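Listed here are the chains, written in short residue letters.
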Amino acid sequence: MKSRHLVPILGFAAYSGTGKTTLIEALLPKLTKAGLRIGMLKHAHHNFDVDKPGKDSYRLRKAGASQMLISSRNRYALMTETPEEESEFHYLLTRFDQQKLDVILVEGCKNIAFPKIELHREEVGKPWLYPNDDNIVAIAADTKVDDTELPQIDINDLESIKQFVLDFVARKGEIGNEITGAACCDTLSPAFLSVAQGQEKILSLVNTVAETEACPMQQSYYRVLANNVVSPVNVPQYTNSAMDGFAIRGDDLQRDHYQVVAEVLAGHAYEQELQPGQTVKIMTGAPIPQGADTVIMREQASQEGDNVTFAGASIKAGQNVRQAGEDLSLGADVFTQGTRIESAEMGMLASLGFGDATVYRKLKVALFSTGDEVQAPGSEQKANTIYDSNRFTIMGLLEKLGCEIIDFGILEDNEQVMIDAIEKASQQADVVITSGGVSVGDADYIKLALDKLGQIDFWRINMRPGRPLAFGQINNKPFFGLPGNPVAVMVSFVNFVEPALRKMQGEVNWQPLKVNAIATEDLRSKQGRTEFSRGVYQLDSAGRLTVRTTGKQGSGILRSMSEANCLIEISPAVDTVKVGESVTIIPLQGRI
């Protein structure tokens, strides 16, 4: 879906330290002198205030005004609080009065799909952007590159940069007048991947661990079978009584009374052949005597001494008897390789006499958090920090899957520290997971470290929450870089990490349970992306499955995930689900 703008949009894309702001500050007077009316959009990767503490507007905004418009003789400004999610790029552009502009210049948002000039200085030591962004329309650098046909300008030649901008505006920006409506300033690459595409790509690149081990049955819960299992015995192993009663011969049903010749408890047997006119009092599970094939339940019998009668009982030959091999015959298939062992499987294997199971070894997962602002819980909180919740959230998710966790703690914002830790993690574990630092922002040291260690792709997934995602290989070990917001971490894990880990553990063709429920409130989404809302499902008085949201759906509201028992999945083709309409839900019991 495209949204047309009246004026060209042109960005200046660069890493921190390149001098974007200084260059633009020097360029703007030259452009305005040439007659351009300029709108300026600057994206920041951090919180900011546009007015000072103590000012009336600041006091009123902090008191609770979600929108604060302040006006004076010379200018007016509208400040809007966006606590739930960052404003989308397209929406921000619509805030400009474009009828009074010739061009909108953008500083930041370097990974949105719109035309940009890449600014590059060799001394900064950051990678080039243009090889991975088809929306770069020119390079302004202090060095030349040979592998591109893009226009190249000396970054110190402001006159040439000015002329390029003027020519760009004169051409109406070429592709600059169409911006993808779904773009946001925190996305990761020029093109979206759908949820299904991301899942397919990841699953195609991970493999099941090769090593197996014998696991004692009492420790086998949630492990994955590495071999097919065939039955070494018949189940039941012998023909036995299905209830407490009296065993008789099926060819001897017409007698008035029978002689009780023995009583057989479970675990014991009557070793002689049962003769006509005889019966054996038998307990549930006890073996049927030779010659007998029918059991009359105890409640239909009347016994006096050694004689028993079955007056009024409707008797059918062969009734109430479980045949040997009736459930499972010797040599029959029981479970296939890749089956996840749960309670029923444990019981079945034990019933066949297995003392252990051959399973894939436990998956080792290395985990760490990043950022100088992240602090370990349990310590006294320092100024300007947040407690590390994501690492513990992921730990819980990994515990549910039966993984062995290698905790590397919190890594400071230092490129070499991260390189050393990631290298060590990839040597010790089968998978490396982190959260935050995947939006290619100015302080995303982890990306720089990953660029030097392996092949990592930085994706933006067409979903909310959880748009940014990094995935790739370090020392041939899968690496997952999850978003930084707490809810986005969980939603991304459920959609991308869990399926991959299950495959690596050996589980075959696993799919999450999805069912339909009736919405009890209006649900809204942005058409063109998959929306995951936290929900609560239940049965109504008519026995129908219904669902509602947990309330506010901001990706930082971790409580909303704690209160949820499902995710509500709204497909990209839908923008509104009205009360009474059906919607897909993904139950979360046992998964989070």
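This structure is a prediction, so every number in the text was calculated from the model and none was measured.

A few words now on the overall build of the protein chain. Scanning the protein chain from N- to C-terminus turns up 11 helices and 39 strands. Relative to a compact globule of 592 residues, whose C-alpha radius of gyration would be 25 Å, the protein chain shows 35 Å and is clearly more extended. Each of the 592 residues in the protein chain was classed as buried or not, and the buried ones make up 48%. Pairs at least 24 residues apart make up 70% of the contacts formed inside the protein chain by residues separated by at least 6 positions.

The next thing to look at is the sheet that holds strand β16 (residues 258-264). Spatially, the six strands line up as an open sheet ordered β18-β15-β17-β16-β20-β19, and their pairing is mixed. Every other strand in the sheet has two partners, leaving β18 (294-297) and β19 (302-304) as the edge strands with one partner each. With strand direction ignored, the average angle separating the axes of adjacent strands in the sheet is 40°. Relative to strand β17 (residues 278-282), strand β15 (residues 245-248) runs antiparallel, the two being bridged by three bridges. Paired with F246 across the strands is K281, a residue of β17.

With that settled, the discussion passes to the sheet that holds strand β6 (residues 103-107). Strand order in the open sheet formed by six strands is β3-β6-β2-β7-β8-β9, with parallel pairing between adjacent strands. With one partner strand each, in any of the chains shown, β3 (38-42) and β9 (152-154) form the two edges of the open sheet. Sheet twist, expressed as the mean angle between neighbouring strand axes with direction ignored, is 25°. Summarising the sheet, β3 and β6 pair through five bridges and their orientation is parallel.

What follows is about the pairing of strand β39 (residues 582-587). Where strand β33 (residues 515-519) lies against β39, four bridges are found, and the strand directions are antiparallel. The partner of I518 across the bridge, within β39, is S582. Pairing analysis gives four bridges linking strand β37 (residues 566-570) to β39, with the strands arranged antiparallel. Paired with L567 across the two strands is I586, which belongs to β39.

Another aspect to go through is the side chain of S231. Among the structural elements, S231 can be located in the loop between β13 (229-230) and β14 (240-241). Relative accessible area serves as the criterion here: at 3%, S231 is assigned to the buried category. At a separation of 2.4 Å, a polar atom in the side chain of S231 contacts the main-chain carbonyl oxygen of V233. With sequence-adjacent residues up to four places away left out, S231 is seen in contact with L328, S329, L330, G331, A332, V334 and L352.

Counting across every chain of the model gives zero disulfides. You can see C215 has no disulfide; the closest cysteine sulfur is in C403, sitting 15 Å from it.

To continue, consider the packing of aromatic side chains. Scanning all chains against the criterion turns up six aromatic pairs. Here the aromatic rings of F471 and F480 are separated by 5.0 Å at their centres, their planes lie at 50°, and the arrangement is tilted. Residue classification places F471 among the buried residues on the basis of a relative accessible area of 1%. A relative accessible area of 0% means that F480 is categorised as buried. Among the aromatic residues, ring-to-ring pairing joins F246, Y258 and F310 into one connected group. Across from the ring centre of F114, 4.8 Å away, lies the NZ or CZ of K116, which sits over that ring. One residue, R340, lies across the ring of Y222, its end atom 4.4 Å from the ring centre.

This brings us to a nonpolar patch on the surface. On the surface, L69, Y76 and L78 cluster together to form a nonpolar patch covering roughly 350 Å² of accessible area. For Y76, the location among the structural elements is in strand β5 (residues 76-80).

Moving on to the pattern of salt bridges. Oppositely charged side chains can pair when the atoms bearing their charge come close. Scanning the entire structure with this criterion turns up 24 salt bridges. One salt bridge in this structure joins R502 and E507, with 2.8 Å as the shortest N-O distance. Note that K514 is salt-bridged to E569, the shortest N-O span being 2.8 Å. One end of the pair, K514, is in the loop between α10 (486-504) and β33; the other, E569, is in strand β37, and 55 residues separate them in sequence. In this structure K514 comes out as partly exposed when scored by relative accessible area, which is 44%. Residue classification places E569 among the buried positions, given a relative accessible area of 18%. Salt bridges linked by common partners bring R340, E498, R502 and E507 together as one network.

For the rest of this paragraph, the subject is the nonpolar core. In globular proteins that are soluble, nonpolar side chains generally tend to be buried together. Counting 41 residues, the largest nonpolar core has I202, L398, I433, F480, L482, F493 and L501 as the members making the most contacts within it. Sorting the residues of this core by element identifies α5 (195-204), β24 (364-370), α7 (390-400), β28 (431-435), β29 (454-461), β31 (468-474), β32 (477-482) and α10 as the ones contributing at least two each. Broken down by element, this core gets its largest block of residues, 10 residues, from α10. The contact partners of L501, leaving out residues within four places of it in the chain, are L363, L398, L401, C403, V431 and F493.

Quick look at the packing of α7 against α10 now. Relative to each other, α7 and α10 sit at 35°, their axes nearing to 11 Å. Regarding α7 and α10, the two cross each other, and that crossing is right-handed. The segment α7 lies against α10, with N390, T393, I394, L397 and L398 engaging P486, V489, M490, F493 and L501.

Quick notes on the rules
- Note on numbering: residues in each chain are counted from 1, in written sequence order.
- For a predicted model such as this one, the threshold for reporting local features is a pLDDT of at least 70, and the threshold for listing and counting side-chain atom pairs is 80 or more; totals across whole chains, interfaces and linings nevertheless cover every residue.
- To get the side-chain values, take all heavy atoms of the structure and skip hydrogens and water.
- Under the DSSP-based scheme used, a helix requires at least four consecutive residues in state H or I and a strand at least two consecutive residues in state E, with every element numbered from the N terminus.
- Atoms counted for the radius of gyration: C-alpha only. Globule rule: 2.2 Å times residue count to the power 0.38.
- Here the term buried applies to any residue with accessible area under 20% of the maximum for its type, exposed to any over 50%, and partly exposed to those in between, with areas from a 1.4 Å probe on protein chains only.
- Only heavy atoms matter for contacts: two residues are in contact if any of them lie within 4.5 Å across the pair.
- Only when DSSP finds a minimum of two bridges between them are two strands counted as paired.
- The axes are straight lines fitted to the C-alpha atoms, using for helices just the contacting stretch, and the angles between their N-to-C directions are given from 0 to 180°.
- Each polar contact in these results corresponds to two N or O atoms within 3.5 Å; when the atoms are within protein, one needs to be able to donate a hydrogen and the other to accept it, and residues that are neighboring in sequence are counted only if both atoms are side-chain atoms.
- For this text, the term disulfide refers to a pair of cysteine sulfurs within 2.5 Å.
- Aromatic pairing here means that ring centres of Phe, Tyr or Trp (its six-membered ring) are within 6.5 Å. Orientation follows from the plane angle: under 30 degrees is stacked, over 60 is edge-to-face, and everything else is tilted.
- We call a charge positioned over a ring when the NZ of a Lys or the CZ of an Arg lies within 6 Å of the ring centre and within 35 degrees of the ring normal.
- Within this analysis, patches are made of residues with over 30% relative accessible area and no salt bridge. Like charges are joined at 9 Å or less; nonpolar side chains (Val, Leu, Ile, Met, Phe, Trp, Tyr) at 5 Å or less.
- Only the protein chains shown count as cover for residues, and all accessible areas are computed by the Shrake-Rupley method using a 1.4 Å probe.
- Salt bridges, as used here, are contacts in which a Lys or Arg side-chain nitrogen is within 4 Å of a carboxyl oxygen on Asp or Glu.
- Joining through side-chain atoms within 4.5 Å is the link that ties buried Ala, Val, Leu, Ile, Met, Phe, Trp, Tyr and Cys residues into a set, and such a set is a nonpolar core.
- In this scheme the crossing of two helices becomes right-handed for a clockwise turn of the near helix relative to the far one and left-handed for an anticlockwise turn of less than a right angle.

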